[in-house]
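One letter stands for each residue in the lines below.
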Amino acid sequence: MSLTGNYDQKNQPTCHCCFRLLRWIPVAFIVAVISWSYFAYVVQLCFFSVTSIPERVILLILFHLFFTMFLWSYYQTIFTAIGTVPPKFRIPPSEVEKLNRAESEEAQKRILEAFARELPVVNRTITGAVRYCEKCQHVKPDRCHHCSVCGVCVLKMDHHCPWVGNCIGFSNYKFFILFLGYALAFCLYVALSSLPYFLQFWQGELEGGMGRFHIVFLFFIAAMFAVSLVSLFVYHIYLVTLNRTTLEAFRAPIFRGTGPDKNGFSLGRYSNFQEVFGDQKVLWFLPIFTSFGDGLEYPIQAQHQRTHPSTSYASMGETSASVGDGVSYPIRCMEDEEDTESLLGADSRQEFEIFSRTDHLIAADDIH
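Residues numbered from 1 in each chain as written. Predicted model: local features only at pLDDT ≥ 70, side-chain atom pairs only at ≥ 80, totals over all residues. Heavy atoms only, no water.

Caption draft 1: Main features of empty space enclosed by the protein. This model, assessed by the stated rule, comprises 4 cavities of 30 Å³ or more. In terms of lining residues, the largest cavity is bounded by 20 residues, among which Val-33, Ile-34, Phe-70, Cys-187 and Phe-225 are the most central. Put simply, the parts of the chain that give the lining of the largest cavity at least two residues each are α2 (25–47), α3 (53–79), α6 (173–202) and α7 (211–242). Per-class residue counts for the lining of the largest cavity are 18 nonpolar, 2 polar and no charged. The computed volume of the second largest cavity comes to approximately 70 Å³. Contributing to the lining of the second largest cavity are Lys-156, Asp-158, Gly-169, Tyr-173, Leu-239, Val-240, Asn-243, Arg-244, Thr-245, Asn-272 and Val-276. For the lining of the second largest cavity, the elements supplying multiple residues, two or more each, are α7 and α9 (269–277). When its residues are assigned to classes, the lining of the second largest cavity shows 4 nonpolar, 4 polar and 3 charged. (1 Å grid on protein atoms, 1.4 Å probe; cavity = no way out; pocket = protein on both sides within 12 Å on 5 of 7 lines; lining within 4 Å. Points joined across faces, edges and corners; volume = space filled by probe spheres on them. Helix = DSSP H or I, 4+ residues; strand = E, 2+ residues; numbered from the N terminus. Nonpolar A, V, L, I, M, F, W, Y, C, P; charged D, E, K, R; others polar.)

Caption draft 2: Layout of a nonpolar patch on the surface. Taken together, the side chains of Trp-24, Tyr-75 and Phe-79 present a nonpolar region at the surface, about 350 Å² in accessible area. With respect to the helices, strands and loops of the structure, Tyr-75 is situated in helix α3. The exposure class assigned to Tyr-75 is partly exposed, which follows from its relative accessible area of 48%. (Patch = residues over 30% accessible without salt bridge, like charges linked within 9 Å, V, L, I, M, F, W, Y side chains within 5 Å. Areas by Shrake-Rupley, 256 points an atom, 1.4 Å probe, with all protein chains shown as cover. Salt bridge = Lys/Arg side-chain N within 4 Å of Asp/Glu carboxyl O. Buried < 20%, exposed > 50% of the residue type's maximum accessible area, 1.4 Å probe, protein only.)

Caption draft 3: Broad picture of unusual backbone geometry. Positive phi, close to 70°, is recorded for Arg-143, a residue that is not glycine. Residue position: Arg-143 is located in the loop between β3 (138–139) and β4 (145–147). Residue Asn-243 is not a glycine yet carries a positive backbone phi of 55°. Structurally, Asn-243 is set in the loop between α7 and α8 (246–250).

Structure follows, in structure tokens:
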């Protein structure tokens, strides 16, 4: 199968703007539910149903604490620009022409290998070729994939999430994890604190006319979202501890000379956690970017380093002391770049089922 193909952006649908607008419908739905929950909890529950002033004050303080952290992390997940591939990975038009005119796949492999000789890439395709995006016409950095929804290659792409209207990748993965965690905490708090009043309603002891039904629906919706979120949150924490993206969980990254290895980027649980959350504990649970690296290069296990001794992590900044088996760990450094790509095919059903009620339509696209 050819490594390249013709891709003409002019063939994209003319209703691209309409499509982009439709992408915001799930986000608008979530915002509407959040807005209603605020009214139901603060007005109908706290002011109209809670008679004790001290209890009302405590409930409102805790509610606004969870609510603020939930909204902050949600905002960061939505509006943080996705990390895209920098110009140095783009193949010049003359080389693209050579690729298109190449008579065999082996010839294409040689052209790509020659171009990527100075690039920090160790991942390969299943045939051993340098990974190349025919749509964006550049070599893919390690862990980068093309998103068919966003139309670009995304650094360390995890998946495309319709509930945030954005790709989840290197630049906002920490925010996404915090969003799941704070959303779960918010839903659990609302469900548990409204439970006594829900029971009063069930026993016919709760007054308040139609306002009582807001409390009933508030309890049911909070409980339903909490049940949906807990599986997804636990799953992504599991992925963080293994230093693995959702795409890599379904299809192991392939390393030059050593083949597929789902654990190729794993540095140990604590170091894996630090790669996403950083080394400043005070900032771990705040939606502030603290992840290590620049999204282009990642420390790899020693057996993969031996086959690529020239691998440099310069673009990630200086390196700190070695952690694990000969792996140098990079310090934090965020670059201002953006791009995106997608993977996952039918395999994305697992995550879709986990959060089918609240998250994860993972866009499918060709795997190069």
